[in-house]
Amino acid sequence: MKPSTMLMILAVSAAPLPAFAAGDPVAGAKAFKACQACHIATEAKNKVGPTLQGVVGRPVASIADYKYSKAMTDFGAGKVWDESLLSEYLKAPKAVVKGTKMAYAGVKKDDDLANIIAYLKDPAAGGQ
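Just so we're clear, the structure is a prediction, and the values are computed from it rather than from any experiment.

(A) Region of the structure containing the nonpolar core. Among the nonpolar cores identified, the biggest contains 26 residues, and Phe32, Met72, Phe75, Trp81, Tyr89, Leu90 and Leu120 are the most heavily contacted of them. When contributions to this core are tallied by element, the ones reaching two or more residues are helix H3 (70-76), helix H4 (83-91) and helix H6 (110-121). In this structure, methionine 72 is in contact with Val60, Ala61, Trp81, Tyr89, Val97 and Thr100, ignoring residues within four places of it in sequence.

So, in structure tokens, the structure goes:
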């Protein structure tokens, strides 16, 4: 094997992986209880807030039968709820989307945040 090929293999194998924590969906189901007054993740049913079933990977403000605030629809233009955007938003909803209807102050603990996102990715794995 050529030395340049060996260097390339070593460089690629040493590259850092993305910094998303896996989270625990069971712990996420417990942490999600704070969200349940307004949201449901296991059914395509809106409450005070829109359904969160299938939210990871879904375009922002895209549930047809839910009336989003103008702030959220403006914010959501061209965006998709991925782990990074959900993490940013759930930490401080009103700071990220000024004028959002969401009254929740935000998830304070990083572990809770990772666990909630793991739960939202697969609510069935949360045991609920």
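The discussion continues.
(B) Inspection of the pattern of salt bridges at higher detail. Applying the stated criterion across every chain, the model contains three salt bridges. Note that lysine 70 and aspartate 74 form a salt bridge whose closest N and O atoms lie 2.8 Å from each other. Of this pair, lysine 70 and aspartate 74 both sit in helix H3, separated by four residues, roughly a single helical turn. By relative accessible area, which is 46% here, aspartate 74 ends up partly exposed. For lysine 121, the salt bridge identified is with glutamate 83, shortest N-O distance 2.9 Å. On the criterion of sequence distance, the pair formed by lysine 121 in helix H6 and glutamate 83 in helix H4 is long-range, its members being 38 residues apart. The class for lysine 121 is partly exposed, based on a relative accessible area of 47%.

The rules behind these values
- Residues numbered from 1 in each chain as written.
- Predicted model: local features only at pLDDT ≥ 70, side-chain atom pairs only at ≥ 80, totals over all residues.
- Heavy atoms only, no water.
- Core = buried A, V, L, I, M, F, W, Y, C linked by side-chain atoms within 4.5 Å.
- Buried < 20%, exposed > 50% of the residue type's maximum accessible area, 1.4 Å probe, protein only.
- Helix = DSSP H or I, 4+ residues; strand = E, 2+ residues; numbered from the N terminus.
- Contact = heavy atoms within 4.5 Å.
- Salt bridge = Lys/Arg side-chain N within 4 Å of Asp/Glu carboxyl O.

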